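# Breakdown of the fold
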Amino acid sequence: MIVISFRFQRLVEKLLSVKFVIFIVATVLLCFGVLGGGEWLTVALTVIAGREIQKFKDFKTSKKVSDEEALGSD
């Protein structure tokens with residue numbers, strides 16, 4: 001039960017992220033004809049690129065911390 005609660009909380013956090021909200025707003029605007037396909041694609045690619053850059057930064061930070069911990073354990 002605790003695992004389900006934790007996963008639900010993480011899902012809500014992801015759904016409320018700024019990048020995801022921008023993506024949803026762009027999709028709604030596309031459906032109503034306010035945005036064209038090119039503009040929507042630009043928004044979608046920007047959101048995807050932002051997520052990948054954030055993952056890369058998080059990976060570099062965690063790797064740096066792991067390397068520092070490994071040096072201290074000797």
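Refer to the structure printed above.
The text that follows walks through the structure, step by step, so that each part is easy to find. (Residues numbered from 1 in each chain as written. Predicted model: local features only at pLDDT ≥ 70, side-chain atom pairs only at ≥ 80, totals over all residues. Heavy atoms only, no water.)

A word on the overall build of the chain. A count of helical and extended segments in the chain gives three helices and zero strands. Moving toward the C terminus, one meets the helices and strands of the chain in the order α-α-α. Relative to its 74 residues, the chain shows a buried fraction of 4%. Total accessible area on the chain stands at roughly 6,500 Å², and carbon and sulfur atoms take up 70% of it. (Helix = DSSP H or I, 4+ residues; strand = E, 2+ residues; numbered from the N terminus. Buried < 20%, exposed > 50% of the residue type's maximum accessible area, 1.4 Å probe, protein only. Areas by Shrake-Rupley, 256 points an atom, 1.4 Å probe, with all protein chains shown as cover.)

On to the layout of surface pockets. In this structure, the largest pocket encloses a volume near 280 Å³. Around the largest pocket sit Arg10, Glu13, Lys14, Ser17, Lys19, Arg51, Glu52, Gln54, Lys55 and Asp58, which together line it. Residue assignment for the lining of the largest pocket shows that the elements contributing at least two residues are α1 (2-15) and α3 (37-72). Counting residues per element, the lining of the largest pocket draws most heavily on α3, which supplies five residues. In terms of residue class, the lining of the largest pocket is built from no nonpolar, two polar and eight charged. (1 Å grid on protein atoms, 1.4 Å probe; cavity = no way out; pocket = protein on both sides within 12 Å on 5 of 7 lines; lining within 4 Å. Points joined across faces, edges and corners; volume = space filled by probe spheres on them. Nonpolar A, V, L, I, M, F, W, Y, C, P; charged D, E, K, R; others polar.)

Tallied over the entire structure, the rule returns one aromatic pair. Taking 5.7 Å as the distance between ring centres and 50 degrees as the angle between the ring planes, the aromatic pair formed by Phe23 and Trp40 counts as tilted. On the criterion of sequence distance, the pair formed by Phe23 in helix α2 (residues 18-31) and Trp40 in helix α3 is long-range, its members being 17 residues apart. Overall, Trp40 belongs to the partly exposed group, its relative accessible area being 24%. (Phe/Tyr/Trp six-rings, centres within 6.5 Å; stacked < 30°, edge-to-face > 60°.)

What follows concerns the pattern of salt bridges. Taken as a whole and assessed by the stated rule, the structure comprises one salt bridge. Put simply, Lys55 and Glu52 hold a salt bridge, and the shortest N to O gap is 3.7 Å. Placement of both Lys55 and Glu52 in helix α3 is noted, with a separation of three residues, approximately one turn of the helix. By relative accessible area, Glu52 is classed as partly exposed at 43%. (Salt bridge = Lys/Arg side-chain N within 4 Å of Asp/Glu carboxyl O.)

On to a nonpolar patch on the surface, then. A grouping of Val21, Ile24, Val25, Val28, Leu29, Phe32 and Val34 is seen on the molecular surface, where their side chains present a nonpolar patch of about 610 Å² in accessible area. Residue placement: Val21 occurs in helix α2. On the basis of relative accessibility, which here comes to 38%, the residue Val21 falls in the partly exposed class. (Patch = residues over 30% accessible without salt bridge, like charges linked within 9 Å, V, L, I, M, F, W, Y side chains within 5 Å.)

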